[in-house]
Amino acid sequence: AQAIFAHEAAASSRRLHPRFAFFRIRFVMGCTQSAPASGSAGGGVQIYGVTGSQNCMGPVLLVSEKKIGSIVPTMPGPDGTLKPDFLAMNPFHAIPTMKDGSVVLAESSAILRYLARKYAPELYPEGDAKRRAYIDWAMDNFAGSLYKDCMATIYPCLGYMGPPEDRPAAGKTASDNMTEFANFFLREKFVGGDKLSIADYKIAPFLFCWLHPMVKEQSFVEAPDRVKQYVTDFMAACPASDMLKTAGGFGLKEMLDAKYGSTPELLLTIAVEAQIESTDILAAKSFKTGKVQVFGVPPSSNSLGPVLLGQDAKIAELVPTMPGEATRTPEFLAMNPFHAVPTMKDGDFCLAESGAIMRYLADQYVPELYPKDPAVRGRIDWAVDNFATGMYGDVPKTLYPCMGFAAFPDDTKEVGKALGIKMQAYADFFLKEKFVCGDKLSLADYKVAPFFYALEHPSLKAKCDLEVPARISQYNKDFMAASASSGIFTSAGGFAIKEMLDAKM
């Protein structure tokens with residue numbers, strides 16, 4: 001499923017969904033001019049989006065709090081993201097989209113990273129590699145795991161989508177995952193330690209909504225006390241967060257109140273105050289040893305990005321680790337309590353999530369893959385996150401069944417055809433040159449290449465009707481020629497991507 005606001009571009013229909021009708025009224029009445037965010041001094045950064053989108057509100061709150069920009073009310077559909085001037089900025093017609101002079105970016109996390117690098121470095125500290133990586137891990141873990149819980153529990157309450165078939169079960173899953181997230185990433189006051197970070201701006205709008213009584217009553221979500229305290233602390237540390245409550249009738253709380261039929265207080269009462277670490281939990285961990293271990297398996301495209309990057313740079317080795325029993329041992333859980341691959345260990349410092357690991361490795365060992373220039377890094381981040389939000393959701397319905405990791409769903413061929421179109425759109429925008437950032441590999445190439453290689457296998461065309469664009473085929477050839485370690489795509493003792501797909505043909 002695609003997010004209602006940030007990823008509306010992936011929807012098959014280009015017509016405006018009725019659920020956006022309440023925004024249409026505001027827009028046609030003339031509120032389409034750039035409006036300074038609450039407290040803004042009118043800085044030059046423009047965030048295109050709507051206050052009713054949690055994905056948009058992270059960047060909106062940041063530019064508001066730091067007084068560096070404004071929100072340009074823009075709704076998904078023909079009255080906003082499908083207009084020619086918007087498509088010229090973001091051909092994927094999704095919000096949030098950011099414009100800062102000549103720099104245009106999309107994807108919430110990519111925008112937040114750019115804004116911090118250029119305007120608010122304290123939110124993503126350049127001199128603290130471990131904290132930056134931890135912030136990345138939190139952002140990517142939330143986007144990859146809890147975001148679908150938000151869609152299942154918050155979006156139905158807002159009227160953005162229908163409820164899941166089993167709302168109590170969806171509510172319990174969301175509650176459990178939220179608690180697991182809080183137990184690890186909220187051991188300190190904020191994800192950033194004793195100060196806010198971009199990860200806090202990312203997650204706070206979602207956690208805020210989980211505390212509305214309607215979400216508890218109708219979606220059966222029980223937020224832990226730690227999250228209640230965290231939201232209270234975030235709102236105290238970020239005065240601009242009042243926009244989550246009131247935004248001319250279109251704040252998230254206002255919209256939930258309207259659906260609920262009353263204006264209740266958020267569920268912020270705490271039964272037992274959580275013990276919060278008062279010292280930096282990362283400070284004592286050794287790192288940058290030059291002997292990195294990446295735990296994963298060769299047929300996992302998610303694992304292969306960090307593996308290839310580390311092996312090409314001669315600083316990492318693959319530690320074969322099959323998801324399941326091997327990722328639930330006490331030793332593994334001490335590295336990654338979310339029991340997933342890839343997971344990285346560098347000295348005492350451990351990290352998970354493919355993009356977070358690659359950012360850390362590039363920052364510490366191979367900086368040319370992730371240049372310091374905020375605009376260049378922004379494009380790399382956009383390319384990484386666009387794949388994650390626009391195409392990765394189709395992988396479990398196409399690639400995984402072809403590898404024998406999942407059953408074929410009824411709509412496999414429809415998904416395969418749509419995926420081919422998305423790959424073409426990605427190539428048209430991000431692969432105008434040989435690689436994402438020109439004639440040399442970048443972090444983004446290591447992220448997408450393992451997937452693109454796997455998706456070109458003949459079994460995907462035969463079983464999923466996936467037509468891989470010619471530009472992607474050439475890109476695959478170029479990547480394999482540029483990456484000395486890419487032989488792992490074809491040969492890994494029977495467990496390479498090609499070997500696994502060949503066996504299932």
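Please refer to the structure placed before this passage.
Residues numbered from 1 in each chain as written. Predicted model: local features only at pLDDT ≥ 70, side-chain atom pairs only at ≥ 80, totals over all residues. Heavy atoms only, no water.

Considerations on the packing of helix α2 (residues 54-65) against helix α7 (residues 198-210)
Working note: a packed helix pair is described by the angle between its axes plus the distance between those axes. Cut-off, in case you're wondering: Only C-alpha atoms enter the line fits that serve as axes; for helices the fit covers just the stretch in contact. Angles between N-to-C directions range over 0 to 180 degrees. Starting at the N terminus, helices and strands are each numbered in turn, a helix being any DSSP run of H or I of at least four residues and a strand any DSSP run of E of at least two. Just so you know how the angles are binned, under 35 degrees is roughly parallel, over 145 roughly antiparallel, 65 to 115 roughly perpendicular, and the rest oblique. Put simply, a crossing is left-handed when the front helix is turned counterclockwise from the back one by less than a right angle, and right-handed when it is turned clockwise. Residue contacts are defined here by distance: any two heavy atoms, one from each residue, within 4.5 Å place the two residues in contact. Following the grouping adopted for this structure description, the nonpolar residues are Ala, Val, Leu, Ile, Met, Phe, Trp, Tyr, Cys and Pro, the charged ones are Asp, Glu, Lys and Arg, and the polar ones are all others, Gly among them.
Put simply, α2 and α7 touch, their axes get as near as 8 Å, and they point 125 degrees apart. Taken together, the axis directions place α2 and α7 in an arrangement best described as oblique. Every pair of crossing elements has a handedness; the one defined by α2 and α7 is right-handed. In contact with Gln 54, Asn 55, Met 57, Gly 58, Leu 61, Leu 62 and Glu 65 of α2, α7 contributes Ile 198, Tyr 201, Lys 202, Pro 205, Phe 206 and Cys 209. When its residues are assigned to classes, the contact of α2 with α7 shows 8 nonpolar, 3 polar and 2 charged.

Re the side chain of Arg 113
By the secondary structure assignment, Arg 113 is in helix α4 (residues 108-119). Here Arg 113 is in contact with Tyr 124, Asp 136, Met 139, Asp 140, Ile 198, Arg 359, Tyr 370, Asp 381 and Asp 385, once residues within four sequence places are set aside.

Things to note about the pairing of strand β2 (residues 45-49)
The condition is simple: For the exposure calls, accessible area comes from a 1.4 Å probe over protein chains only, and a residue counts as buried if that area is under 20% of its type's maximum, exposed if over 50%, partly exposed in between. At least two bridges found by DSSP between two strands are what make those strands a pair. Crossover handedness is defined by viewing with both strands directed away from the observer: a clockwise path from the first strand over the helix to the second marks the crossover as right-handed.
The element β2 is largely enclosed, with a buried count of 4 among its 5 residues. Pairing analysis gives 5 bridges linking β2 to strand β3 (residues 69-73), with the strands arranged parallel. Residue pairing for β3: Val 45 is matched across the bridge by Gly 69. Handedness of the β2-α2-β3 crossover: right-handed. In this structure, β2 lies alongside strand β4 (residues 97-100), joined through 3 bridges in antiparallel fashion. The residue bridging Gln 46 from the neighbouring strand is Lys 99, located in β4.

Things to note about the pairing of β4
Of the pairings in the sheet, the one linking β4 to strand β5 (residues 103-106) comprises 4 bridges and is antiparallel in character. Each residue of the ladder has a partner; that of Asp 100, found in β5, is Val 103. Connecting β4 to the antiparallel partner β5 that follows it, the hairpin turn spans 2 residues, and Gly 101 within it adopts a positive phi of roughly 65 degrees.

A short note on the state of the cysteines
The criterion, for reference: Two cysteine sulfurs form a disulfide in these notes if their separation is within 2.5 Å.
Within the structure shown, the criterion is met by 0 disulfides. Of all cysteine sulfurs, the one in Cys 209 lies closest to Cys 56, which takes part in no disulfide; the gap is 13 Å. Here Cys 402 is not cross-linked by a disulfide; its sulfur's nearest cysteine counterpart is in Cys 464, at 3.8 Å. Residue classification places Cys 402 among the buried positions, given a relative accessible area of 0%.

Some thoughts on the sheet that holds strand β8 (residues 343-346)
What the 4 strands build is an open sheet, ordered β7-β6-β8-β9; its pairing is mixed. The open sheet is flanked by β7 (316-320) and β9 (349-352), the only strands paired with a single partner. Put simply, the sheet's adjacent strands are angled 25 degrees from each other on average, direction ignored. Relative to β8, strand β6 (residues 292-296) runs antiparallel, the two sharing 3 bridges. Bridged to Phe 295 within β8 is Thr 343. In the packing of helix α13 (residues 354-364) onto the sheet, contacts are made with β6, β8 and β9, and the angle to β9 comes to roughly 135 degrees.

Considerations on empty space enclosed by the protein
Definition in use: Buriedness for pockets is judged along seven lines, at least five of which must meet protein on both sides within 12 Å for an open set on the 1 Å grid over protein atoms alone, while cavities are sets there where a 1.4 Å probe fits but cannot get out, and lining residues have an atom within 4 Å of a point. Grid points are joined across faces, edges and corners, and a volume is the space filled by probe spheres set on the points.
Throughout the structure, instances matching the rule amount to 2 cavities of 30 Å³ or more. Considering only enclosed or pocket space, the second largest cavity measures out at about 60 Å³ in volume. Looking at the second largest cavity, the residues that line it are Tyr 124, Ala 129, Arg 132, Ala 133, Asp 136, Ala 356, Arg 359, Tyr 360, Asp 363 and Gln 364. For the lining of the second largest cavity, the secondary-structure elements that each account for two or more residues are α5 (129-158) and α13. With 5 residues, α13 is the largest single contributor of residues to the lining of the second largest cavity. By residue class, the composition of the lining of the second largest cavity is 5 nonpolar, 1 polar and 4 charged.

Quick look at helix α20 (residues 497-504)
For the record, the criterion: The arc in question is the one spanned by the directions pointing from the helix axis to the C-beta atoms.
Along α20, the residues classified as buried are Ile 497, Met 500 and Leu 501. Seen from one end, α20 has its buried residues packed into an arc of 95 degrees, which puts them on one side. Considering only its buried residues, α20 is in contact with α11 (301-312), α15 (399-403), α17 (443-455) and α18 (458-464).

Structural notes on the packing of α5 against α7
Relative to each other, α5 and α7 sit at 20 degrees, their axes nearing to 10 Å. Put simply, α5 runs roughly parallel to α7. The crossing of α5 and α7 is left-handed. Facing α5, whose interface residues are Ile 135, Ala 138, Met 139, Phe 142, Leu 146, Tyr 147, Asp 149, Cys 150, Thr 153 and Ile 154, α7 presents Ile 198, Ala 199, Lys 202, Ile 203, Phe 206, Leu 207, Cys 209 and Trp 210.

A short note on the packing of aromatic side chains
Note the following rule: For this analysis, a ring pair means two rings from Phe, Tyr or Trp (six-membered ring only for Trp) whose centres lie within 6.5 Å, classed as stacked if their planes differ by under 30 degrees, edge-to-face if by over 60, and tilted for the remaining angles.
This structure, assessed with the given rule, holds 36 aromatic pairs. Considering the side-chain rings of Phe 185 and Phe 338, the 5.6 Å spacing of their centres and the 10 degrees angle between planes classify their relative orientation as stacked. Here Phe 185, found in helix α6 (residues 167-185), pairs with Phe 338, found in the loop between α12 (330-335) and β8; they are 153 residues apart in sequence, far enough to count as distant. A relative accessible area of 1% means that Phe 185 is categorised as buried. The class for Phe 338 is buried, based on a relative accessible area of 12%.

Examining α13
For α13, the tally of buried residues reaches 11 of 11 residues, placing the bulk of the element in the interior. Residues of α13 that are buried include every one of Ser 354, Gly 355, Ala 356, Ile 357, Met 358, Arg 359, Tyr 360, Leu 361, Ala 362, Asp 363 and Gln 364, and no others.

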